[in-house]
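Each chain, written out:
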Amino acid sequence: MSYLKAAHKIEEASFSKIQEIIDQEHPDIHFSDPFEEAVLKRVVFASADFDYLYNIKFSNQVIEKILYVLRNKGTIFTDTTMVLGGFNKKLLDDLGVSYRCLVNEPAIFKEAKEKGITRSMAAVEYSAKVDGPKLFVFGNAPTSIFKVLDMVEEGSLQPDAVVGVPVGFVGAAESKLKLHESPVPSIAALGQKGGSTIAAAVINAILYQLKLNTTDYERYSVSDKKQAPEKGEGWWWMNTLMS
């Protein structure tokens, strides 16, 4: 039986097929910059769901803000270990970026029980005590998004960016819409769809677009020959990331 066996060949063929389907079935889709294109295509790659081409929204220069967190050795906070487990940790380690899922820590259990809130909400409260740039990546808990927005409104938390893609039927769509409409830089998957796989795919897409050296096979990224954003936006940050 003949079939592709090499991981990089499978990925290469997959992204080629994704572009082919976009050209044939979604000709109205036009990507505004290479990072957004990379995110949308990797989410489709992870889900085989082309609805995300329309559902995922970028707001308030979020790509630039995420790259700021990466450049300045910030911390990524997730709502579940499933999201955390999907990251390419080797690349994050190379950049000096920390990544934490606090929901299973004893102090978070205790605080959530005492306050009658979810562990995800307690974890967000705790994150405000951590110094440095902060990126929140949520794939499962809408209450995490609501808590971030509440604390931003109170002035007790200043997230650099939020990736909000919880999946579900209770609070998921509402939380993501509020996030998208807020002044917080965000990537949000509007509607009920989302999940851990989508959350991890967003972060990995941005990491791979940086084209960092890796001992593993080279992942898909959008060609450098495509039109880059103006200075001050994401592409400029990529060029200065390691400076």
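What counts, and where the lines are drawn
- Residues numbered from 1 in each chain as written.
- Predicted model: local features only at pLDDT ≥ 70, side-chain atom pairs only at ≥ 80, totals over all residues.
- Heavy atoms only, no water.
- Helix = DSSP H or I, 4+ residues; strand = E, 2+ residues; numbered from the N terminus.
- Buried < 20%, exposed > 50% of the residue type's maximum accessible area, 1.4 Å probe, protein only.
- Phe/Tyr/Trp six-rings, centres within 6.5 Å; stacked < 30°, edge-to-face > 60°.
- Core = buried A, V, L, I, M, F, W, Y, C linked by side-chain atoms within 4.5 Å.
- Contact = heavy atoms within 4.5 Å.
- Salt bridge = Lys/Arg side-chain N within 4 Å of Asp/Glu carboxyl O.

**Considerations on the side chain of Thr80**
In step 1: Within the element layout of this structure, Thr80 appears in the loop between strand S2 (75–78) and helix H5 (81–86).
In step 2: What makes Thr80 buried here is its relative accessible area of 15%.

**Quick look at the packing of aromatic side chains**
Remark: the centre distance and the inter-plane angle together describe each pair of aromatic rings, the angle taken between the planes.
In step 1: The final tally for this structure, using the stated rule, is three aromatic pairs.
In step 2: Between Phe77 and Phe136 the ring centres are 5.4 Å apart and the planes differ by 25 degrees, which places this aromatic pair in the stacked class. Of this pair, Phe77 sits in strand S2 while Phe136 sits in strand S4 (residues 134–138), and the two are 59 residues apart along the sequence. Side by side, Phe77 and Phe136 carry an identical accessibility label, which is buried.

**Notes on the nonpolar core**
In step 1: Ranked by size, the top nonpolar core spans 68 residues in total, and within it Ile66, Leu70, Phe87, Leu135, Val137, Val163 and Ile187 carry the most contacts.
In step 2: With 10 residues, helix H11 (residues 196–209) is the single largest residue contributor to this core.
In step 3: Contacts of Ile187, omitting those with residues within four sequence positions, involve Ile56, Lys57, Phe58, Val62, Ile63, Ile66, Val162, Val163, Gly164, Val165 and Val202.

**As for the pattern of salt bridges**
In step 1: Tallied over the entire structure, the rule returns 11 salt bridges.
In step 2: In this structure, Lys193 and Asp49 form a salt bridge, with 2.7 Å as the shortest nitrogen-oxygen distance. Of this pair, Lys193 sits in the loop between strand S6 (186–189) and H11 while Asp49 sits in the loop between helix H2 (34–47) and helix H3 (52–55); the two residues are 144 residues apart in sequence, bridging distant segments of the chain.
In step 3: For Asp49, a relative accessible area of 17% gives the class buried.
In step 4: A salt bridge links Lys193 to Asp51; the nearest nitrogen and oxygen atoms lie 2.6 Å apart. Taken together, the positions of Lys193 in the loop between S6 and H11 and Asp51 in the loop between H2 and H3 put the pair 142 residues apart, joining distant regions of the chain.
In step 5: Looking at Lys193, the relative accessible area reads 33%, which means it is partly exposed.

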